[in-house]
Structure formats: structure tokens, C-alpha cells
Amino acid sequence: MAEESDLEKTEPASPGRLEKAREEGQVARSRELVTFVMLVTAISGLWTIGEMIGGQLGDTLRHGMQFERATAFDTSHMMVQAGSAARHALQALMPLLAMMMLAALVAPMMLGGWLLSTKSLVPNFSKLNPVKGIGRMFSTESLAELVKTIVKSLLVGGIAWWVIASKIAPIMGLMSEPVHVALPHTLRLVAASCALIVGALLLLVAIDVPYQLWRHAHKLRMSREDLRQEQKESDGDPLVKAQIRRQQQQMAKRRMMAEVPKADIIVTNPTHFAVALKYLDKEMRAPRVIAKGTDLVALRIRAMAEENKIPILEAPPLTRALYRHTRLGDEVPAALYAAVAEVLAWAYQLHRWRSEGGTLPRAPQDLPVPATLDLPGTPA
């Protein structure tokens, strides 16, 4: 079967397709959004704690510029001083780095959420195919990325030029300030300038995020055949399901037939229906149906009853009512209590006659079965 074209894939991705794509590491991502969040975090950090960072870096720089004549020619002392300066600079920048790390963890949650997938790390040598590589270079996705890069460069570059041009005087004034004053001012000036530049990225983010969502949904589109195949895989092959259903029915039938020897009595119709009843005085609130069947199953229930010397009573209306209005394990309907009580009483008398002798009990006749129950119901 030939590979389907994009024109045939007109249906949105199903939940199963989306979940599979996520497991493979395919989610909507916007690099512009992540970049924007990182830059906003950095600027906010410089704006709020820039003076503190600048002061600490100024102290580090001032301390590094001081030296004694005795140690000026000691190369080992120079390395110690460089290590100490680097350590103090790192400590000064640690709060800002922590904010950036937190932003790097939070930014992906804004579009696509966190995703840990090892499938994307598996080598895919088909990506080394030069023909496919050239095709990707001239694809619509590459064209869109090129347009986006050009727009971003023009937008950010233009605003950066305007911001820097408008800040020439403050920038030149930094040279006349002391170091401990110039560094905080520099950081604040950089933060204010970057804030204006990053603000331009907000427009790009507002365009890129919907585009990435559309692109992801478009990439995962499915054809009607894909949907049918997925439905078939999720629901299972009808032939296999039918076979499983038959096996389940056979297992249920075997379990049911294993309960027949435990019955107190079997009522029949006389051959089309058979129902096995069981009642334990201290364990059951009312008699229960433990087995039932029609035709061949009914004959099998009768045969097992004869083998185990279980009383069998022909009571067509009662049998039909029990079969049609009860399921396996159900208690008999309240409307049939009187009829079932007579049947069980006869079964107990028959057991006593078999063990002790005496007068053969007369089988009950004209059992009180409501006419409404001797109608087709919902058999199990």
C-alpha cells in the first residue's frame, strides 16, 4: 500500500495518536517563547538585584587590581588571586543564575509541558539521507523558519539600534563615574535597554505560539483509514473478540454447570427450560438461581440432576418466569416467593421420603405465578 499523501490526511489527530506522539517526544514547542521567558527573567533579575550584583563585582574587581610588591612577581599568587576572583564573581551571579535555571524549567510547561522521552535519543540514520535533507531545506517549514528569522532580526535589530542610539549620552557618561558607581549604573542601563529590545519579541511570540500549535496539529493529522485502523487496534479484531467471547461463555457455562450438583431442586418446562435453585437458611435472604439454560443446556442440567439425585419438578410457568426475569446468582423475585416456597418444601419432603420412607409427597400443582412474569423479559 502506497504511503498516504498530506491531502488524504484531513482528520484531526485522535487522543491515541497525540499520546503516542508525546511518548515519541513530539510536542508543540516554541523556541521564541522559551527565549522570551529566559530574557524576561534575566532582565527582571538585573533590574531587581543588579545593584547588589554590581557592588559585589566591583568589590571583586577592585580587590583584584590591588597587589603588593612582594607578591607581584609570584606566579603562584597570581593563580590564587584569579581563582578567588572567579569564586567571588560566581557567588555574586548565583542568584541570577538560579533565576535563569528556574525559568528554563518552567518555560517548557507553558507550551507542551515537561516531557522526558528516551525515544528521541535513539539514533535515526534516515536523517542522514542527503536527499531527505535537501528536501527539508526547501520545505515549507524551512521557509517559515527563514521568514521568522528575518523578521526577528529586522525587528530586534531595528529596536536595538534605536535604543542604543537614544542612550549614547548615558553610556558616554559612565566613563566619568567611579568604578563602584559605574558598574551598578551599567547593569541598570543594560537591563532597561534589554527590556525595550525584548518587548519587541512579544509580538513575535504572539505569532509563533499559535503557529507552532497549528503546525503540530497539522503534522499529526490522520486519514480516515488511519482512524479506522486505530479503532480496530484499540477495540480488537472482531474475529478475535468473538473467539474470546465464546471462550468466556464456555468458561461461564462450565462454572455454572459445576453449581448444579449443589442445587436443592431443578424446575423444568419440561425440556426447553431448566432452572436450578439453592437456598441456605442462615446464609441467604431468599432462594437464588445458581444455574439455568435452554434446550441442550437444559437437558444437560436435567442429566446432572438425575446423576446427583436432585429433585426435578415440571413447573412450566414458574420455570419460564425464573429464566426470563433473573440472572445467575440473583434472588428469586418477591412475586415468586410463594411458588418457590412450595417447590422447596416439596423438595425437602422428597429428600426425607428417600431417606426415611413413608408416604410419597405429592408434587405441587397450580403454583401461584403472576401472569405478568410469564412473559418475555431480559434473560441473562
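Predicted model only: the values in this text are computed from it and were never measured.

The rules behind these values
In this convention, every chain numbers its residues from 1, walking through the sequence in written order. Where totals are concerned, whole chains, interfaces and linings use all residues; where local detail is concerned, this predicted model gives features only for residues with pLDDT of at least 70, and gives and counts side-chain atom pairs only at 80 or more. Values reported for side chains reflect all heavy atoms of the structure, with hydrogen atoms and water molecules removed beforehand. In this analysis an axis means a line fitted to C-alpha atoms, helices contributing only their contacting stretch, and an angle means the value between N-to-C directions, from 0 to 180 degrees. The way it works is that DSSP assigns letters per residue, a run of H or I at least four long becomes a helix, a run of E at least two long becomes a strand, and they are numbered from the N terminus. The scheme is simple: roughly parallel for angles under 35 degrees, roughly antiparallel for over 145, roughly perpendicular for 65 to 115, oblique for anything else. Note on convention: near helix rotated counterclockwise from far helix by under a right angle means a left-handed crossing. Clockwise means right-handed. In this analysis, two residues are considered to be in contact whenever any of their non-hydrogen atoms come within 4.5 Å of each other. For this scheme, ten residues count as nonpolar: Ala, Val, Leu, Ile, Met, Phe, Trp, Tyr, Cys and Pro. Four count as charged, namely Asp, Glu, Lys and Arg, and the remainder, Gly too, count as polar. Exposure is judged per residue with a 1.4 Å probe applied to protein chains only, and the accessible area is read against the type maximum: over 50% gives exposed, under 20% gives buried, and values in between give partly exposed. DSSP-based pairing: two strands are paired if at least 2 bridges between them are found. Surface patches are defined over residues having more than 30% relative accessible area and no salt bridge, joining like charges when they lie within 9 Å and nonpolar side chains (Val, Leu, Ile, Met, Phe, Trp, Tyr) when within 5 Å. For accessible areas, the Shrake-Rupley method is used with a probe of radius 1.4 Å. Any residue's cover is judged against the shown protein chains and nothing else. The salt bridge definition used is simple: a Lys or Arg side-chain nitrogen within 4 Å of an Asp or Glu carboxyl oxygen. What pLDDT expresses is the predictor's confidence in each residue, scored from 0 to 100. Put simply, buried Ala, Val, Leu, Ile, Met, Phe, Trp, Tyr and Cys residues joined by side-chain atoms within 4.5 Å make one nonpolar core.

Draft legend 1. Region of the structure containing the packing of helix α6 (residues 140–166) against helix α8 (residues 179–219). One can describe the packing of α6 onto α8 by two numbers: an axis separation of 8 Å at closest approach and a directional angle of 165 degrees. By the angle between their directions, the pair α6 and α8 is classed as roughly antiparallel. Our pair here, α6 against α8, has a crossing hand that is right-handed. Of the residues in α8, those in contact with Glu141, Ala144, Glu145, Lys148, Lys152, Leu155, Val156, Ile159, Ala160, Trp162 and Val163 of α6 are Ser193, Leu196, Ile197, Ala200, Leu201, Leu204, Asp208, Tyr211, Gln212 and Arg215. For the contact of α6 with α8, the residue count by class is 13 nonpolar, 2 polar and 6 charged.

Draft legend 2. Representation of the pairing of strand β1 (residues 265–268) in the model. Neither face of β1 is exposed, since Ile265 and Val267 on one face and Ile266 and Thr268 on the opposite face are all buried. In terms of strand pairing, β1 meets strand β2 (residues 273–278) through 4 bridges, oriented antiparallel. Residue pairing across strands places Ile265 opposite Leu277, the latter belonging to β2. Where β1 folds back onto β2 in an antiparallel hairpin, the turn is made up of 4 residues. Pairing analysis gives 3 bridges linking β1 to strand β4 (residues 312–314), with the strands arranged parallel. By the bridge assignment for β4, Thr268 is matched with Glu314.

Draft legend 3. Inspection of unusual backbone geometry at higher detail. Phi is positive for Lys309, which is not a glycine, with a value near 55 degrees. Along the polypeptide, Lys309 turns up in the loop between α11 (295–307) and β4.

Draft legend 4. Structural detail: a nonpolar patch on the surface. Taken together, Leu143, Leu146, Val147, Ile150, Val151 and Leu154 make up a surface patch of nonpolar side chains, about 560 Å² in accessible area. Take Leu146: it is sitting in helix α6. You can call Leu146 partly exposed: its relative accessible area is 48%.

Draft legend 5. Examining the confidence of the model for the protein chain more closely. In this model, the protein chain carries a mean pLDDT of 78, and residues with pLDDT of at least 70 account for 84%. By mean pLDDT, helix α3 (residues 69–72) is the weakest element of the protein chain at 62, and β2 is the strongest at 90.

Draft legend 6. Representation of the pattern of salt bridges in the model. All told, the structure shown has 4 salt bridges when counted by the stated rule. Between Lys262 and Glu259 there is a salt bridge, with the nearest N and O atoms lying 3.5 Å from each other. Here Arg288 makes a salt bridge to Glu331, at a shortest N to O gap of 3.7 Å. Here the residue Arg288 occupies a position in strand β3 (residues 288–294), and Glu331 occupies one in the loop between α12 (316–325) and α13 (337–356), the gap between them amounting to 43 residues. Judged by its relative accessible area of 28%, Arg288 is partly exposed. Through salt bridges with shared partners, a single ionic network connects Arg285, Arg288 and Glu331.

Draft legend 7. Geometry of the nonpolar core. Residues Ile265, Leu277, Leu318, Leu322 and Leu336 are the most contacted members of the largest nonpolar core, which totals 24 residues. Counting residues per element, the ones that place at least two in this core are β1, β2, α12 and α13. Not counting residues within four places of it along the chain, the set of residues in contact with Leu277 comprises Ala263, Asp264, Ile265, Arg288, Val289, Leu322, Val332 and Val340. Ranked by size, the runner-up nonpolar core spans 19 residues in total, among them Val37, Ile43, Leu46 and Leu187.

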